[in-house]
Amino acid sequence: MHFTAVLRSEWTKIRSLRSLSYSLSAILVVTVALACFVCGGYDGSEAPSDPVFHAYFGLNIGQFGAIVCGVLAVAGEWSSGSVRVSLTAVPRRGLLYAGKLVTVGGLALAVGLVAGFASVTGGQALLGEAGVSVGSPGVMRSAVGCGIYFGLLAVFSAGVAALLRSPVGTLSLLVPLFLSLGPLFGSLDATRKVGQFLPDRAGQQILHLAPEGALGAWAGLAVMAGWAALAAAAGLWSLLRRDV
């Protein structure tokens, strides 16, 4: 089977499963809605130190849509047993796995780009004089980086899901990691130097007008890409070495 046929098959699966469609929609709806809510609530008393990053407040919640999508697109087939049908149609496991990663990563990237541009443009408009022009240096870079962040996050989650093969087990690991562990390590003085290299802390540097810490905007995104590549490689190893 050609790779394009695999991609078409994976796209059909995602489009037909409501849970995957809803998780992708959540990326856009939650990220943009919270951006408008937070920026629209600005009362003019104290301007945000980074008005662009202020507009990405909703990303902290919207990112779980990308995580759920990546997990269910891969581990969901093991929990339902439908992976046997997929492997019968595409016996080359590496090809099947690549199709899943490209499809889920590409869709999260596309939705993330829309969410990024909508959040930053809408947010700056609602902030008024406290906002910055969308043509200012770093603003469009952050919007593009938002899309890449969501794409890498979906690939990272899919890789971990392929390794663990359990939707519940994978979400039980990833949700605390991105909900509490990353922010906690990034806020404590004792762990800040290490915490900045965690996937979310590193990847979100691209969203700042002036990135903080040892990593710059693109360097932080490169670190996150490394995490995604490592997870994808671990998932491939599991897929090739272990029986269904």
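Residues numbered from 1 in each chain as written. Predicted model: local features only at pLDDT ≥ 70, side-chain atom pairs only at ≥ 80, totals over all residues. Heavy atoms only, no water.

Quick look at the environment of Ser166
Now for step 1: You can see Ser166 is positioned in the loop between α7 (139-164) and α8 (167-187).
Now for step 2: Through-space distance from the C-alpha of Ser166 to that of Ala75 is 5.4 Å; in sequence the pair is 91 residues apart.
Now for step 3: In this structure, Ser166 is in contact with Ala75 and Ala161, ignoring residues within four places of it in sequence. (Helix = DSSP H or I, 4+ residues; strand = E, 2+ residues; numbered from the N terminus. Contact = heavy atoms within 4.5 Å.)

A short note on the packing of helix α2 (residues 18-40) against helix α6 (residues 93-127)
Now for step 1: The geometry of α2 relative to α6 is characterised by a closest axis approach of 9 Å and an angle of 10 degrees between their N-to-C directions. Compared by their axis directions, α2 and α6 come out roughly parallel. Judged by residue contacts, Leu24, Ile27, Leu28, Thr31, Val32, Ala35, Cys36, Cys39 and Gly40 of α2 engage Leu107, Ala108, Val111, Val114, Ala115, Ala118, Ser119, Gly123, Leu126 and Leu127 from α6. (Axes fitted to C-alpha atoms, helices over the stretch in contact; angles between N-to-C directions. Parallel < 35°, antiparallel > 145°, perpendicular 65-115°, else oblique.)

Some details on α2
Now for step 1: The terminal C-alpha atoms of α2, which comprises 23 residues, lie 31 Å apart, in line with the 33 Å expected from a rise of 1.5 Å per residue.
Now for step 2: Largest kink in α2: about 30 degrees, centred on Ala26.
Now for step 3: Burial in α2 covers these residues: Leu20, Ser23, Leu24, Ile27, Thr31, Val32, Ala35, Val38 and Cys39.
Now for step 4: Buried-residue contacts for α2 involve α1 (3-16), α3 (51-54), α4 (59-80), α6 and α7. (Expected span 1.5 Å × (residues − 1). Bend = angle between axes of the 7 residues up to and from the residue. Buried < 20%, exposed > 50% of the residue type's maximum accessible area, 1.4 Å probe, protein only.)

Here's the deal with the pattern of salt bridges
Now for step 1: Evaluation of the coordinates by the stated rule reveals five salt bridges.
Now for step 2: Note that Lys13 and Glu10 form a salt bridge whose closest N and O atoms lie 3.0 Å from each other. With Lys13 and Glu10 both in helix α1, this residue pair falls three residues apart, about one helical turn.
Now for step 3: The partner of Lys100 in a salt bridge is Glu77, and the shortest N-O contact between them spans 2.4 Å. Of the two residues, Lys100 is situated in helix α6 and Glu77 in helix α4; the sequence distance between them amounts to 23 residues. With respect to burial, Lys100 and Glu77 carry one shared label: buried. (Salt bridge = Lys/Arg side-chain N within 4 Å of Asp/Glu carboxyl O.)

Let's talk about unusual backbone geometry
Backbone phi values are negative for most residues with the exception of glycine, while trans is the configuration of most peptide bonds.
Now for step 1: Its identity as a non-glycine residue notwithstanding, Arg165 has a phi of 60 degrees, on the positive side.
Now for step 2: Looking at the element boundaries, Arg165 is found in the loop between α7 and α8.
Now for step 3: Overall, the relative accessible area of 11% leaves Arg165 in the buried class.

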